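Residues per chain, in single letters:
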Amino acid sequence: MQSEQRNFILAIVLSGLILFGWSAVASYWFPTAKAPVVKIEGGKTTPLPAPGTPPAVAKAAATQSRAQVIAASPRLPIRNARITGSLNLKGARIDDLVLTTYRETTKKDSANVRLLSPQGSPQSYFASFDWMASGIAVPDADTVWTADRRELTPTSPVTLRWDNGQGQLFVLKISVDDLYMFTVDQRVANTSAAPIVARPYAVVNRAEKPTDPDNWVAHIGPMMAVGGSVNYDIDYAYLTATKPFFWDNILGYNAVPGVNTKNGLGGWLGFGDKYWLTALAPKGAARVDAAFRADGSSYQADLTRAPVTIAPGRAAGVTTDFFAGAKQINALDAYEAKGIPLFGKAIDWGWFEVFEKPLFHFLHWLFGIIGNFGLAIMALTVVIRGIMFPIAQKQFASMAAMRVVQPKMKAIQDRFKDDKARQQKEIMELYKTEKINPLAGCLPIFIQMPIFFALYKVLMLTIEMRHQPFVGWIHDLASPDPLTPLNLFGLLPFTPPAIIAIGVLPIILGVTMYIQFKLNPPPTDPVQAQMFSIMPWVLMFVMAPFAAGLQLYWATSNILTIAQQKWLYSKYPGLKNSPAAPTVA
C-alpha cells in the first residue's frame, strides 16, 4: 500500500539519519555540543601583558635513534604501576614514557605502547615547564638541572633546581600518581636586590600527527576546554591554515583557521588520539592563555600564566597538572571530580553521551561478572531485547489491527483516488476511529538506533574495549572480524582488500537477517520486496569494516529476533498469513 511504503521508506531514511548523520546535524542545530572556543572578539586575541613572547614551536626532526638520544642526556627513571620512562634533566623535560599495561598489537611479543619520545628521535613528543622574563637568564632546552632524588615514583617526588647566577633560583617539584598524572610546581626565588617580572608557561610538543584519522565519529587531534566549554573543532590542518575550509559553513564548525588561542579561567588543553591523551591543566581556577601552534610538521599546545612580580627575598610559582596516558573513562571522570573541568570530555562522546556512558558502565559491569567481553556483549543484547519485547508486542498488535482495516483503507483509496488530500483526511479519520497508530511499527527502529549507535561509539572510543578477545580467531572486539573465506580463512597467503574482506561474523549477520526476513511473506509492494531481498547482503558488506563487537551484537540481536518472531506469530497467527507481515525491529 502507498501509505505503508511511505512509512517504510520514512523509517529507513530517518534511521539512516540517526545512525550516520546525527553528529553533523547536532553540530549545526545544537552549537553547545561544539561550543565556540577560539573565536574571540573580531577574531583577535588579547594576550596577558608579560615580558617576552610565547615560546616558538620546537623543531623536532628525527636525527638519531631513540636509544641514542636518551643515552646522550642525564636522566632519572620514572616508574609506577602503569608507566615507565625517564625524566630528562637537560631541559627538565618529561620526554620518555611507555604505557606498561598496553601493547601495540594483540601479539604476545608486541612492544608496549610508547607515548612520549625525546626531541631529535623518531615521533618526538614531550612536555616542558619554563619561564619567560626580561633582563634575567631563564632555563631553556639546554639547561641541565640538579635533582634531589634518583627516581620519580608515586612515593618519591623529585625536586629539580637551577641557579642562573644572577640572583634567581628556579625550582621544579615534580610528582606522579598511581595512574597517568604528573603534577609540576614551578617556582622562582629572587635573591637579588631588585624586583623581577616573570611569566610561567607549560608546553606539549609533538612532531607527527597520530595515525588514527579524525572523523565524524570522534575527534582526533588538538582539544581545548578553557572557560567552561569544550572545543573539538580544531584539527591539525587548522593549525597551519590561513583561511576557512569550504565545509566549515556546511557543517557548522566554529574553528577559525590561524586563530587558535583562548584565554579564560581554568580548564585544560592538549592532544587527543583515539585511545591516548596528553593534556596540560592549571591547578585551580587560574587565568591562562591557552594556545595551539604549528611549524611545519611540529605541533604545540601551551598554557601561559599571568606575569608575576617577585620582590627581593621573595618567591612565586604556579602548579600545573600534566596528563600523559590512556583515556580510561573512570580515571578521566575521577580527575574531573578532583578539579579539572570537563576532563571526561577528552573522550568525544558526542550528542549521545546520555546513552553511551550508562551503556559502557553496564557493559563493563557485565564483563566483570562474565569475564569475556564477547559474552558480555551477548548478555547486553539479551537485556536490550528483553526491554524491547513489550514494544515489539505492541508493534505486532498495531500491525495486526492495520491488517484488519486494510479493506476499509483500500475502499477509501479507490473512492478518493483523484483527491489525495481528501483521501489522506479520510484515512486519518479511520486511524482515529479504529484507535490505530500507523507509526507504531517504526517505534522499535527509532528506539534501537540510538542504542546501536551508542554501542558503536563505546566500542570505537573506549580503551577498555581495546584488544579484548572473544573466541578463537577474534582477538580484538574493537577491530573488524579478521577471518574471511576469500583467502580460505587464512590458509592462502594473501590479504584481500578491506572492501571485500567479509569476515565470519558479518556473514552470520547477513544470513540471520535473511532468515529473519524470510520468516515473513514477501511484501506485496515490489519496491519493498526488492529492498528486503537485497538488504541483508548489502548490510553484510556495509558492516564488514565495523568492530567485531558491533557485528556480534547485531548478529545476536537477529537470532533473538528470529525466536521472538516465531513466538509472536504463534500469538498472532492471522498476521503470519497476511500478505505483508512486518519484521520485528
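For the structure given in this document, a descriptive report is provided here.

### Observations regarding the sheet that holds strand β11 (residues 221-226)
In sheet architecture, strand pairing relies on hydrogen bonds along the backbone and comes in two forms, parallel and antiparallel. The sheet built from nine strands is open, its strands ordered β6-β7-β8-β9-β19-β15-β14-β11-β12 with antiparallel pairing. Each of the sheet's edge strands pairs with one partner strand only, and the pair in question is β6 (146-147) and β12 (230-231). In the sheet, strand β14 (residues 267-272) pairs with strand β15 (residues 276-282) via four bridges, with the strands oriented antiparallel. Across the sheet, residue Gly270 finds its bridge partner in β15, namely Ala279.

### Details of the pairing of strand β13 (residues 261-265)
Within β13, four of the five residues are buried, which leaves it mostly tucked inside the rest of the structure. Of the strand pairs in this sheet, β13 and strand β16 (residues 287-295) are connected by five bridges, and their pairing is antiparallel. Bridge pairing in β16 places Asn263 opposite Asp289.

### Here we look at the nonpolar core
Of all hydrophobic cores here, the largest spans 122 residues; its most connected members are Phe182, Phe322 and Phe343. Looking at which element gives the most residues to this core, the answer is helix α9 (residues 443-461), with 10 residues. Dropping the residues within four chain positions of it, Phe343 is found in contact with Met181, Trp268, Leu277, Ala279, Phe323, Leu332, Tyr335 and Glu336. Residues Met409, Ile412, Phe416 and Ile436 belong to the second largest nonpolar core, which totals nine residues.

### Thoughts on the packing of aromatic side chains
The final tally for this structure, using the stated rule, is 22 aromatic pairs. Ring centres 5.5 Å apart and planes at 75 degrees place the aromatic pair Phe323 and Phe343 in the edge-to-face group. Of this pair, Phe323 sits in strand β19 (residues 314-326) while Phe343 sits in the loop between α4 (329-337) and α5 (353-370), and the two are 20 residues apart along the sequence. The same class applies to Phe323 as to Phe343, namely buried. Three or more aromatic residues joined by ring pairs form one cluster here, namely Tyr180, Trp268, Phe323, Tyr335 and Phe343.

What counts as what
- Sequence order sets the numbering: in each chain, residues are counted from 1 along the sequence as written.
- Reporting of local features is limited, given that this is a predicted model, to residues whose pLDDT is at least 70; pairs of side-chain atoms are given and counted only at 80 or more, and all residues count toward the totals for whole chains, interfaces and linings.
- The basis for every side-chain value is the complete set of heavy atoms in the structure, and neither hydrogens nor water enter the calculation.
- When DSSP finds two or more bridges between a pair of strands, those strands are recorded as paired.
- Each helix is a run of DSSP H or I of at least 4 residues and each strand a run of E of at least 2, with the numbering of both proceeding from the N terminus.
- Each residue is placed in one exposure class: buried if its accessible area under a 1.4 Å probe, protein chains only, is under 20% of its type's maximum, exposed if it is over 50%, and partly exposed if it falls in between.
- In this description, a nonpolar core means a group of buried Ala, Val, Leu, Ile, Met, Phe, Trp, Tyr and Cys residues linked to one another through side-chain atoms lying within 4.5 Å.
- For this analysis, residues touch if any pair of their heavy atoms sits within 4.5 Å.
- Pairs were defined over the aromatic rings of Phe, Tyr and Trp, the Trp ring being its six-membered one, requiring ring centres within 6.5 Å. Orientation was assigned from the angle between planes: stacked under 30 degrees, edge-to-face over 60, tilted for the rest.

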